[in-house]
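Here is what each chain is made of, one letter per residue.
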Amino acid sequence: MTATRVRFAPSPTGYFHVGSARSALFNWFVARQADDGVFLLRIEDTDADRNREEWVDGIVEAMEWLGLHADEGPFRQSDNAPAHQAAIDQLFAGGYLYFCDCTGDAVQSRKGDNKTPGYDGFCRDRGLERSATTGIRFKTPLEGGTTVRDLIRGDVEFSHSVIDDFIIAKSSGAVLFALANVVDDRNDRITHVIRGEEHLPNTPKQILLWEALNAVTGVATPTPVYAHLPLLVNEQRKKLSKRKDPVATEQYRDEGYLPEAFVNYLALLGWSPRGDEEKVPVAQLIAEFRLEDVSHSPAFFDVKKLQHLNGEYIREMPLEQFIAHSMPWVSPDPAAWSPSALSLPWRPEQFDYERYATIAPLVQERISLMSEIAPMIDFLFLPEPPMDAEAFAKSVAKDETARVILRELAAELSTTSWDRDTLHACVVGVGERHEWNLRKTQAPVRCAVTGKLVGPPLFESMELLGRDETIRRIVDAAERAS
RNA sequence: GGUCCCAUCGUCUAGUGGCCUAGGACACCACCCUCUCAAGGUGGAUGCACGGGUUCGAAUCCCGUUGGGACUGCCA
């Protein structure tokens, strides 16, 4: 019984695509639930002009954030060039390959309106020698077919008559994905290839290559088990596009999604845990996950549901943990990680940790993203509350009674004791004199003190702000409205 | 165009021939709670794409239709 060995093999493109994250996660599940399972990371960087080394760091970083640690790697496919070249030599010796100098235009004009897709096999028997203009093609068998055994979809049959003699190496000598991927998977003794559905049409070609390699090397490595995951799509039911859709995992991290919530949500895309509960800890996801149970149809990446789940994860955190985890979004340590493009309403020295820790429990139950914290409590740290003009007009300026209430309240506040219950009673009392209920009375007060009509509970906020500043803001608001 | 994949509420899904007058979750609506906003609670609306079979019985099996998608690169 050979140990399970899976790999995640992204090509670096600048950020960590959520679809890649989902593929990585499902591979990781399979590795983690097997005894001695290995999760291997291989960066497929054979397309030299589209790769940069810092992209690799980005992938590793994002994976670590999600808790997907590679047992082996990251390897660079480019480091395996000698093995790829050796494979080409052996396949040539075995008669599986040929040189081809056809240009795309030439092929096109020969084919005319012939509907068979792909290359027409023109150079197959020309016996060309290698030159600066020759790529290398694989001689796909003319007869028969190849069956892909897919754990998710069952057997999928491809007739060889519709598989063209595909290119495995460019005229520059660079080896292409089709071959490099297979050579590396063989060398890495990969047992399960788990990847996106868009690779399904590649698979028969890769099986053909794999078997040819077995024949030619005398090393009969069993072909891996395949599992092609359903695509992640947008509202238009199209494959997630990097241009139009928010697909960068890093962006979700920066907005304040928790890795646990993100992993949990990703697992729900194309699969579901037993029972009715969808919020499931990662250990249970690993235990219950089965490739055979993955759904066949594309899944829409629903940010709303992700956000809801994130809120649940935030609310269940112990308070100390919540405060600690939220620091990068309220008072980032210059020496530590902080969300990119973060723009805090206050300057670092204006932030007051004690004050934040006091309001934190009230914030925790009101947010679903860490990035929502700062705008909710900016009034506690700024000398003036950022005033929402519309809210001010509606709650303070529009009604003379509101201003009267503010003035009376300010007067009363100067002598009352300073705790939330007294403040509460005080506001109720002033309102009653004008036949305003609390719901109505609190609006101008809230606006004067916090600058907004929504936010954390008012009386706790006032208590925290302190008597002098609270009165000052209330008087000031009444003045400005007159 | 060709090859392949797919088809249960708006969305993610449960469902593998009788437990289904189709369950859960997000979103939505109403009500309750309530100092605002959330959270929470209760209730509601909404779905097996269509047409044929097979069967005593079909969301579940078969065929077809329609619709959607992927691939069709000297990208991965």
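1. Some points on the protein's contact with RNA strand B
Part 1: Close to RNA strand B lie 64 residues, the nearest being Glu278, Arg439, Gln442, Leu453 and Gly455.
Part 2: The separation between a phosphate oxygen of RNA strand B and a polar side-chain atom of histidine 308 is 3.1 Å.
Part 3: Of all the secondary-structure elements, those providing two or more residues to the surface near RNA strand B are β7 (154–159), β12 (299–300), α10 (303–315), α17 (438–450) and α18 (458–465).
Part 4: Among the residues making up the surface near RNA strand B, the classes are represented as 24 nonpolar, 17 polar and 23 charged.

2. Digging into the packing of helix α15 (residues 400–413) against helix α16 (residues 420–433)
Part 1: Orientation of α15 relative to α16, taken along the N-to-C sense of each, is 140 degrees, at an axis distance of 10 Å. With respect to α16, the axis of α15 lies oblique. In the crossing of α15 with α16, the sense of the turn from one axis to the other is right-handed. Residues Ile405, Glu408, Leu409, Glu412 and Leu413 of α15 lie in contact with α16, whose contacting residues are Leu423, Cys426, Val427, Val430, Gly431 and Arg433.
Part 2: In terms of residue class, the contact of α15 with α16 is made up of 7 nonpolar, 1 polar and 3 charged.

3. Re the pairing of strand β6 (residues 145–150)
For a regular strand, side-chain orientation follows a simple rule: the groups alternate between the two sheet faces.
Part 1: Side chains Thr146, Val148 and Asp150 project from β6 onto a buried face, and the interleaved Gly145, Thr147 and Arg149 project onto a face without burial.
Part 2: Pairing geometry for β6 and β7, over 6 bridges, is antiparallel. Pairing of glycine 145 across the sheet is with serine 159, part of β7.

4. So, the domain arrangement of chain A
Part 1: Taken domain by domain, chain A consists of domain 1 (317–380) and domain 2 (389–481).
Part 2: Taking the mean C-alpha position of each, domain 1 and domain 2 sit 25 Å from one another.
Part 3: Between domain 1 and domain 2, the contact holds 11 residues from the first and 11 residues from the second.
Part 4: Together, Arg355, Leu362 and Phe379 form the three largest contributors to the area buried by domain 1 at its contact with domain 2, with a combined 55%.
Part 5: Here domain 1 is connected to domain 2 by 1 salt bridge.
Part 6: Aspartate 378 is the salt-bridge partner of lysine 452, the closest N and O atoms lying 2.9 Å from each other.
Part 7: Our count for the contact surface shared by domain 1 and domain 2 stands at 5 residue pairs in polar contact (both at pLDDT 80 or more).
Part 8: Per-element accounting of the side of domain 1 that touches domain 2 gives the leading share, 4 residues, to helix α12 (residues 353–364).

Cut-off values and rules
Residues numbered from 1 in each chain as written. Chains lettered and ligands numbered in written order. Predicted model: local features only at pLDDT ≥ 70, side-chain atom pairs only at ≥ 80, totals over all residues. Heavy atoms only, no water. Near = heavy atom within 4 Å. Polar contact = N/O pair within 3.5 Å; in protein donor to acceptor, adjacent residues only side chain to side chain. Helix = DSSP H or I, 4+ residues; strand = E, 2+ residues; numbered from the N terminus. Nonpolar A, V, L, I, M, F, W, Y, C, P; charged D, E, K, R; others polar. Axes fitted to C-alpha atoms, helices over the stretch in contact; angles between N-to-C directions. Parallel < 35°, antiparallel > 145°, perpendicular 65-115°, else oblique. Left-handed = near helix turned anticlockwise from the far one by under 90°. Contact = heavy atoms within 4.5 Å. Buried < 20%, exposed > 50% of the residue type's maximum accessible area, 1.4 Å probe, protein only. Pairing = 2+ DSSP bridges. Domains from an automatic or database assignment. Buried area = accessible area lost by both parts, 1.4 Å probe. Salt bridge = Lys/Arg side-chain N within 4 Å of Asp/Glu carboxyl O.

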